[in-house]
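Survey of secondary and tertiary structure
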Amino acid sequence: MIRATLRTITARRGSFRGGALVVLVAVLLVIGVLVVVHELRPGRNPSVGGQPMLDGVGGAVWALGTVVAILIGALAGSYDVAQGTMRYLVLTGVGRLRIYLARTVAVVGAVLLALVPALALGLIAVFVLPSTDADKVTAGEVLDVAWTSVLFPLVFALIAMGIGTLLRSNGPAIAVSLLFVFAGAPLLALIEAANETIGDLMLLQALDRLTGGETSLPIAVAGLAAVAWVTLFWALGGARLARDEY
Amino acid sequence: MSVQPEPIIRLEGVTKRFGSKVAVSDVTIDVPRGRCLGWLGPNGSGKTTLIRCMLGLARPSSGTIEVRGHRIPGEADVALRRVGGIVEEPRFYPYLSGRGNLEVWAGFLRGDARSRIDPALARVGLAANADRKVKAYSMGMRQRLGVARTLLSDPELLILDEPSNGLDPSGMASFREMIRSFVEEDGRTVFISSHLLDEVEKIADDIAIVHEGKLVLHGSVAELVADGRQGIRLRVDDGDRAEGVVGGLPFVTGVERRGAGELAVAVERPDDAASIALTRALVEAGVGVAELTRERETLEERFLQITGGATADEVRP
């Protein structure tokens, strides 16, 4: 069932294949740009691989990967109802919660499939392409970047899936999910200005703490806060899916 | 004493409301196994709503539904395990091929669903187009793929909502044959809803007519046709005089004028004796008889009479 659901997500040319390609092209661009600037001004840009490559690849996968993951998650949540296939999934006799759980696992799988090739290519470039001793990176630093590049997209994909399931319409699901991410930062600033403790429990702040950010929030609490945010949207979507008539 | 087999569908007092609107009203019916039931009604009469309730897609406001001996929605997972359905229209992932779509659904079904994909595609005549993307399929091909999907669970019961929509006349004929083969060769039960009376009359063993959410008539096709009003149509040279003469005959139960010289005469038994007696009475009264035809009320006429002339063209509220 998970494999079947994964297939319905990964076979979409626009959101999945296009998204994975965009991230891959972005990583190739980072590699290309670093090679060119190194060739043009080797004195000023002595390293192609190492730290500059890790920063560039990590940033590209993190930023574009989050947007792609939102597309994947939002569509996974809304598509079956919008397309009319949901009723035929229910007709199989499989419980609605099981369908939703399979969708959740499939979204995680799809996001990883979309991002891992680009991330892997970029990380190979970090080690293979030349760098000075000062720009050499440790395995721990690479793992940190990989963790950040994957955690943000996965979290926002699951939230977008909940929003998509809740809204049941592809366009609004994508729009609201993107708004949630991009409006998150300014909203967070406002909340932090009002109350720092509450601000620390907001999703972006919790994710920042989980990816090495330095806030006063204990890491376990940050983890719980992030899980709570994901669970909130996931549960809202699941409740609608369980209650709706098709 | 013979024991009646348990019906495959048992509805008891099923009502479904949407706010103040009653879409299905107190429907009670048993559907026996191994037969084809035609569920007839004009658009907006609650046909699809009841089907959605039977398939666990919607919850009835009151009443009980049992499919294959299991309650819906409480035991839907067991009840639907060997049920196939098309509701309103078959929907698919358009970016996958026909076969790809069936593989997806087989992934959700228990047992040997995957091994049934090729036989199902062959059965509905889509084997040659199985690897084309569904977005390139015609409506008729989608309908057939929808039927193929229902076969993946080796269903005891097929519930098909307006399945012949979008089929051309030759497609409808082969579709009819296919449905009959499910019943006669495979021993499956088919519950088919339609507003195409003619089609249902040809496919179904039993017919239930629903109007404004209520079940108004249920019986075998043979019974319903036999029960229809019978009469004799007359074309004469003096309609007014003929009406007076015919109306006075003891075996005539009603006379209806259909034009200047045309009358529809309802009689107790439209047999030879009635025809001869009618002709003799008219000729003796000096009325010229140009034509005399025996008529039997068709199922369509009964349907239109019951539903107050509602047709398939009615717009859903």
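Residues numbered from 1 in each chain as written. Chains lettered and ligands numbered in written order. Predicted model: local features only at pLDDT ≥ 70, side-chain atom pairs only at ≥ 80, totals over all residues. Heavy atoms only, no water.

**Regarding unusual backbone geometry**
All names here are of chain B. For the peptide bond that leads from Ile 72 to Pro 73, omega is 10°, which places it in the cis range. With respect to the element layout, Pro 73 can be found in the loop between strand E5 (70-72) and helix H2 (76-79). Backbone geometry places Glu 212, a non-glycine residue, at a positive phi of 50°. In this fold, Glu 212 is placed in the loop between strand E9 (206-211) and strand E10 (214-220). (Helix = DSSP H or I, 4+ residues; strand = E, 2+ residues; numbered from the N terminus.)

**Structural notes on the interface of chain B and chain A**
Contacts between the two partners involve 33 residues from chain B, matched on the other side by 28 residues from chain A. For the pair chain B and chain A, the number of links is 3 salt bridges. With a closest N to O distance of 2.8 Å, A:Glu245 and B:Lys16 form a salt bridge. Taken together, the connections running from chain B to chain A amount to 19 residue pairs in polar contact (both at pLDDT 80 or more). Of all the elements in the fold, those that place two or more residues in the side of chain B that touches chain A are strand E1 (9-18), H2, strand E6 (83-86) and helix H3 (98-108) of chain B. (Contact = heavy atoms within 4.5 Å. Salt bridge = Lys/Arg side-chain N within 4 Å of Asp/Glu carboxyl O. Polar contact = N/O pair within 3.5 Å; in protein donor to acceptor, adjacent residues only side chain to side chain.)

**Details of the pairing of strand E12 (residues 252-259) of chain B**
Residues and elements named next belong to chain B. Here E12 pairs with strand E13 (residues 262-267) via 6 bridges, running antiparallel. If you follow Val 252 over to E13, its bridge partner there is Val 267. Linking E12 back to E13 in an antiparallel pair, the connection comprises 2 residues. (Pairing = 2+ DSSP bridges.)

**Points about a positive patch on the surface**
There is a patch of like positive charges on the surface, built from A:Arg13, A:Arg17, B:Lys133 and B:Lys135. Along the chain, A:Arg13 falls in helix H2 (residues 13-40). (Patch = residues over 30% accessible without salt bridge, like charges linked within 9 Å, V, L, I, M, F, W, Y side chains within 5 Å. Areas by Shrake-Rupley, 256 points an atom, 1.4 Å probe, with all protein chains shown as cover. Lys, Arg positive; Asp, Glu negative; His and termini not counted. Charge placed at Lys NZ, Arg CZ, Asp CG, Glu CD.)

Distances and angles like these do not, on their own, reveal function.
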